[in-house]
Amino acid sequence: MRLRIAIAVASTIGVAIAAYLTYVHYAHVSPVCTTGGCEKVQKSKYAELGGVPVALLGLVAYVLLLGTTAVRGVTAAFAAVLLALVGAGFSGYLLWAQLDPIGALCQWCLGNDVTIFVVALLCVVRMLTEQSE
């Protein structure tokens, strides 16, 4: 139960970050930024995948992860770990994009990177310790 609560809390942080970046995208406003690179990152070609903002994809993923915490059992734990690991991998790709081709760092994206890494780690621990229902 504690793991599911921890995953829910971390996923809620992810929802907040992704919701803010989704708002920034659709409102066509500049994100609040202390690194100086947020706007450059948000306007790069890496900020969308197939015309869909990656922030919106992250928002959907975090909401789904949050949903898995309401369900006990191995199936929910497996779904969560799969989603979280895919999210962490994609987040790693986007971190690479910030560091190399874009050449700018976004504090919101870095916050997301830490958040999805924590969620993925917690989901792996949950999967390894979850009991069959």
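Read on for a plain summary of the structure. A quick note: this is a predicted structure, and the numbers were derived from the prediction, not measured. (Residues numbered from 1 in each chain as written. Predicted model: local features only at pLDDT ≥ 70, side-chain atom pairs only at ≥ 80, totals over all residues. Heavy atoms only, no water.)

Among the secondary structure elements, Asp113 is positioned in helix H5 (residues 107–129). Within the buried set, Asp113 has no salt-bridge partner at all; the shortest N-O distance to an opposite charge, 16 Å, is to Lys40. (Helix = DSSP H or I, 4+ residues; strand = E, 2+ residues; numbered from the N terminus. Buried < 20%, exposed > 50% of the residue type's maximum accessible area, 1.4 Å probe, protein only. Lys, Arg positive; Asp, Glu negative; His and termini not counted. Salt bridge = Lys/Arg side-chain N within 4 Å of Asp/Glu carboxyl O.)

This brings us to the packing of aromatic side chains. The way to describe two aromatic rings as a pair is by their centre distance and the angle between their planes. Tallied over the full model, the rule gives five aromatic pairs. Each ring, one from Tyr20 and one from Trp108, has its centre 4.6 Å from the other, and the planes form 45 degrees; the classification is tilted. Taken as a pair, Tyr20 in helix H1 (residues 2–27) and Trp108 in helix H5 lie far apart in primary sequence, 88 residues in all. Among the residues examined, Trp108 registers a relative accessible area of 24% and is labelled partly exposed. Here a set of aromatic residues connected by ring pairs shows up, and it is made of Tyr46, Phe90, Tyr93 and Trp96. (Phe/Tyr/Trp six-rings, centres within 6.5 Å; stacked < 30°, edge-to-face > 60°.)

So, on to the nonpolar core. With 14 residues, the main nonpolar core has Ile7, Tyr62, Leu65, Ala84, Ile116, Val119 and Cys123 as its most contacted residues. Among the secondary structure elements, those contributing two or more residues to this core are H1, helix H3 (54–68), helix H4 (74–102) and H5. Per-element tally for this core: the top contributor is H5, with five residues. Apart from the residues lying within four places of it in its own chain, the contact partners of Tyr62 are Ser11, Gly14, Val15, Ala18, Asn112, Thr115, Ile116 and Val119. In this structure, Ile102, Ala104, Cys106 and Cys109 belong to the second largest nonpolar core, which totals ten residues. (Core = buried A, V, L, I, M, F, W, Y, C linked by side-chain atoms within 4.5 Å. Contact = heavy atoms within 4.5 Å.)

Attention now moves to the environment of Arg72. Structurally, Arg72 can be placed in the loop between H3 and H4. The spatial distance from the C-alpha of Arg72 to the C-alpha of Tyr93 is 31 Å, given a sequence separation of 21 residues.

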